[in-house]
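Residue-level listing of the chains:
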Amino acid sequence: SMFRLFVGYKDVLRKMLHSPAMIFVVVFMVLNNIYTMVTGNFFGLYVTQNLGISEAYIPIFPMVRAAVMLAFILLVQSVFNRMKYRVVMPIGLGLYVLSHLLLLLAPPQNLTMIWLYTLAEAFAFALVAPRKDSLTALFIDKEERSRAYGLMHVVMIGCSAPFGWLVGWLSSINRTLPFVFNIVVFAVCILLVLLSKTLKRHDDAGLGMESE
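Residues numbered from 1 in each chain as written. Predicted model: local features only at pLDDT ≥ 70, side-chain atom pairs only at ≥ 80, totals over all residues. Heavy atoms only, no water.

Peer 1: Is there a simple way to think about the overall build of the chain in this case?
Peer 2: When its secondary structure is counted, the chain shows ten helices and zero strands. For the chain, the α and β elements follow one another from N to C terminus as α-α-α-α-α-α-α-α-α-α. Against the compact-globule benchmark of 17 Å for 212 residues, the chain has a radius of gyration of 19 Å, which places it among compact chains. Looking at the chain as a whole, 42% of its 212 residues are labelled buried. At a minimum sequence separation of 6, the contacts of the chain that also span at least 24 residues come to 84%. Accessible surface for the chain amounts to roughly 11100 Å². Of this, 70% is attributable to carbon and sulfur atoms. Across the chain, the centroid of the 17 positively charged side chains sits 4 Å from that of the 11 negatively charged ones. (Helix = DSSP H or I, 4+ residues; strand = E, 2+ residues; numbered from the N terminus. Rg over C-alpha atoms; globule rule 2.2 N^0.38 Å. Buried < 20%, exposed > 50% of the residue type's maximum accessible area, 1.4 Å probe, protein only. Contact = heavy atoms within 4.5 Å. Areas by Shrake-Rupley, 256 points an atom, 1.4 Å probe, with all protein chains shown as cover. Lys, Arg positive; Asp, Glu negative; His and termini not counted. Charge placed at Lys NZ, Arg CZ, Asp CG, Glu CD.)

Peer 1: How do you make sense of the side chain of Ser134 when you look at a structure like this?
Peer 2: Here Ser134 is to be found in helix H7 (residues 111–139). Reaching out from Ser134, the side chain makes a polar contact with the side chain of Tyr85 at a distance of 2.8 Å. (Polar contact = N/O pair within 3.5 Å; in protein donor to acceptor, adjacent residues only side chain to side chain.)

Peer 1: Honestly, the side chain of Asp203 in this entry has me stumped. Any pointers?
Peer 2: Assignment of secondary structure puts Asp203 in helix H10 (residues 197–205). At 4.7 Å, Arg86 is the nearest oppositely charged side chain to Asp203, a buried residue that forms no salt bridge. A polar contact is formed between the side chain of Asp203 and the backbone nitrogen of Tyr85, at a distance of 3.0 Å. When neighbours within four sequence positions are excluded, Asp203 is seen to be in contact with Lys84, Tyr85 and Arg86. (Salt bridge = Lys/Arg side-chain N within 4 Å of Asp/Glu carboxyl O.)

Peer 1: Hey, could you run me through the state of the cysteines in this one?
Peer 2: By the definition in use, this model includes zero disulfides. The closest cysteine sulfur to the non-disulfide-bonded Cys159 is located on Cys189, 14 Å from its own sulfur. The exposure class of Cys159 is partly exposed, given its relative accessible area of 40%. The exposure class of Cys189 is buried, given its relative accessible area of 0%. (Disulfide = S-S within 2.5 Å.)

Peer 1: In this structure, what is going on with the packing of aromatic side chains? I would like to understand it.
Peer 2: In this description, a pair of aromatic rings is defined by centroid distance and the angle of the planes. One pass over the structure, following the stated rule, counts twelve aromatic pairs. On the basis of an interplanar angle of 45° and a centroid distance of 5.5 Å, the ring pair of Phe72 and Phe123 is categorised as tilted. With Phe72 in helix H4 (residues 60–75) and Phe123 in helix H7, this residue pair connects regions lying 51 residues apart in the sequence. Phe72 gets classed as buried once you look at its relative accessible area, which sits at 7%. Arranged with centres 6.0 Å apart and planes meeting at 35°, the rings of Phe163 and Phe181 form a pair that is tilted. With Phe163 in helix H8 (residues 145–173) and Phe181 in helix H9 (residues 177–195), this residue pair connects regions lying 18 residues apart in the sequence. On the basis of relative accessible area, Phe163 is assigned to the partly exposed category, the value being 28%. One aromatic cluster in this structure is built from Phe43, Phe61, Trp115 and Tyr117. (Phe/Tyr/Trp six-rings, centres within 6.5 Å; stacked < 30°, edge-to-face > 60°.)

Okay, structure coming up:
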């Protein structure tokens, strides 16, 4: 029955709460979902209404971003795969910060800065996203993989949902504030990665994604 299916999640939740590795992944997933939500919802609004960029360019930016990520994965990713997570992930998150600073410092109708933002954000995504997914697979409870993965996503959505209202309120005050908020989130992510004992133990046991 549906009731018995839901009751079965209590054991998964108990394992999650007693696993520092799974807690680390959930917190990182929540933070990742927050900054993805902000970028997806407010980038187009900011560049068209604040920077005066034509709406015709908005569909082009994601295509360029996807092409840059593909080229990065095919040509450069193998170099970073040999490096430790606590080295690569802060680099990627630092590139996220750089991309947002480029966006906030861009003069009106300056496409060059927007293209630089797109490049930096694409490189950042290519460095951070695969490692987030890899850590999710590594640290998730293998005996309850399916239910644990589902529960982690439910927790991620539930914890990050209120930030949609918060960021919308910030945007109503000043459209730059959601991106300033994102920079704060990136800084928290960097601290989380650097201070994580779980990630340190994983790095000390191997050399990045190629060893998995």
